[in-house]
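Residue strings, one per chain:
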Amino acid sequence: MSDPNLCDRCAALCCRYIALPIDNPKTVKDYDHIRWYLMHENIVVFVEKRQWYIGIFTRCKHLMSDNRCGTYLTRPRICRGYDTDNCDWHGGDYDYEHLFTSAEQLREYAEKKLGRPLVAGATKKRFRKKRSKDGRVRLALPVA
Ligand code: SF4
Ligand code: SF4
């Protein structure tokens, strides 16, 4: 059940970021674009219910110094629809399938997923080809 008084005890966590769905990555190029996002400050990428999102930590311009909304009567619909039931106050209740906070973390995930290097020039150092007894060539992924 919503607790309207919860906001009085909160530092307006929900007014300090935006999150937008992005195309779920499939190719090396897709993952490398996401790696680029994560090279910037205040960016995270997460996966929830199989949908990928970019999270951008940026304070709303209408958030006042007392953590109240400075445009309450004309606030956007997305703010009106948000309540305390499962809001950022509860933090740990989020059920991310994946949360990436660094480009390197994303790169490791993508390379394991795709079975090939994400970064040109990294092939020789990070990956070795192994030939098994049946003659097939396999890529040996680096072990974390
Ligand atoms: S809705 Fe939740 S996160 Fe947002 S101000 Fe209220 S308690 Fe804080
Ligand atoms: S408009 Fe108001 S409720 Fe919406 S994010 Fe900004 S400060 Fe928060």
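Located above this text is the structure these notes cover.
A.B. asks: How should the overall build of the protein chain be read in this particular structure?
C.D. replies: Looking only at helices and strands, the protein chain features 4 helices and 6 strands. The secondary structure elements of the protein chain, listed N-terminal to C-terminal, are β-α-β-β-α-β-α-α-β-β. The buried share among the 144 residues of the protein chain stands at 10%. Of the contacts formed within the protein chain by residues at least 6 apart in sequence, a portion of 61% connects residues at least 24 apart.

A.B. asks: Help me understand the nonpolar core, please; the structure alone is not making it clear to me.
C.D. replies: It is characteristic of soluble globular proteins that their nonpolar side chains tend to be buried jointly. Counting residues in each nonpolar core, the largest one holds 7 residues, listed as Ile 34, Val 45, Phe 100, Ala 103, Leu 106, Ala 110 and Leu 118. In terms of residues, this core owes the most to one element, helix H3 (residues 103-114), which gives 3 residues. Apart from residues no more than four positions distant in its own chain, Ala 110 is found in contact with Tyr 31 and Leu 118.

A.B. asks: What am I meant to see in the site of ligand 2 here?
C.D. replies: Close to ligand 2 lie Cys 15, Cys 60, His 62, Leu 63, Cys 69, Thr 71, Arg 75 and Cys 79. Across the shell around ligand 2, the residue classes tally to 5 nonpolar, 2 polar and 1 charged.

A.B. asks: Please clarify how unusual backbone geometry should be interpreted in this entry.
C.D. replies: When glycine is set aside, most residues are seen to have a negative phi, and most peptide bonds are trans. Phi is positive for Asn 42, close to 65 degrees, though the residue is something other than glycine. Here Asn 42 shows up in the loop between helix H1 (28-38) and strand E2 (43-48). At Arg 50, a position not held by glycine, the phi torsion is positive, near 70 degrees. Topologically, Arg 50 is positioned in the loop between E2 and strand E3 (51-57).

A.B. asks: It is not clear to me how H3 should be interpreted in this structure. Could you clarify?
C.D. replies: In an α-helix, one full turn covers 3.6 residues, which means residues spaced three or four apart are oriented alike. With 12 residues, H3 should cover 16 Å at 1.5 Å per step; its first-to-last C-alpha distance of 16 Å lies within 8% of that length. Those residues of H3 lying buried are Ala 103, Leu 106, Arg 107, Ala 110 and Glu 111. Viewed end-on, H3 has its buried residues packed into an arc of 130 degrees, placing them on one side of the element. H3 presents Glu 104, Lys 112 and Lys 113 as exposed residues on the side facing more than 90 degrees away from its buried surface. Those residues of H3 hidden inside the fold are in contact with H1, E2 and strand E4 (98-100). Immediately beyond the C-terminal end of H3, within one or two residues, lies Gly 115, with a positive phi of roughly 70 degrees.

A.B. asks: How do you make sense of the pairing of E3 when you look at a structure like this?
C.D. replies: Consecutive side chains along a regular strand alternate between the two faces of the sheet. Bridge count for strand E1 (residues 17-22) against E3 is 6 bridges, and the pairing is antiparallel. Its bridge partner lying in E3, Leu 20 is registered against Ile 54. By the bridge criterion, 6 bridges tie E2 to E3 in an arrangement that is antiparallel. By the bridge assignment for E3, Val 44 is matched with Gly 55. Between E2 and the antiparallel strand that follows it, E3, lie 2 residues; Lys 49 among them carries a positive phi value of about 50 degrees.

Calculation notes
Residues numbered from 1 in each chain as written. Chains lettered and ligands numbered in written order. Predicted model: local features only at pLDDT ≥ 70, side-chain atom pairs only at ≥ 80, totals over all residues. Helix = DSSP H or I, 4+ residues; strand = E, 2+ residues; numbered from the N terminus. Buried ≥ 20, exposed ≤ 12 C-beta atoms within 10 Å, placed from the backbone. Contact = placed C-beta atoms within 7 Å. Core = buried A, V, L, I, M, F, W, Y, C linked by C-beta atoms within 7 Å. Near = placed C-beta within 6 Å. Nonpolar A, V, L, I, M, F, W, Y, C, P; charged D, E, K, R; others polar. Expected span 1.5 Å × (residues − 1). Arc of directions from axis to C-beta. Pairing = 2+ DSSP bridges.

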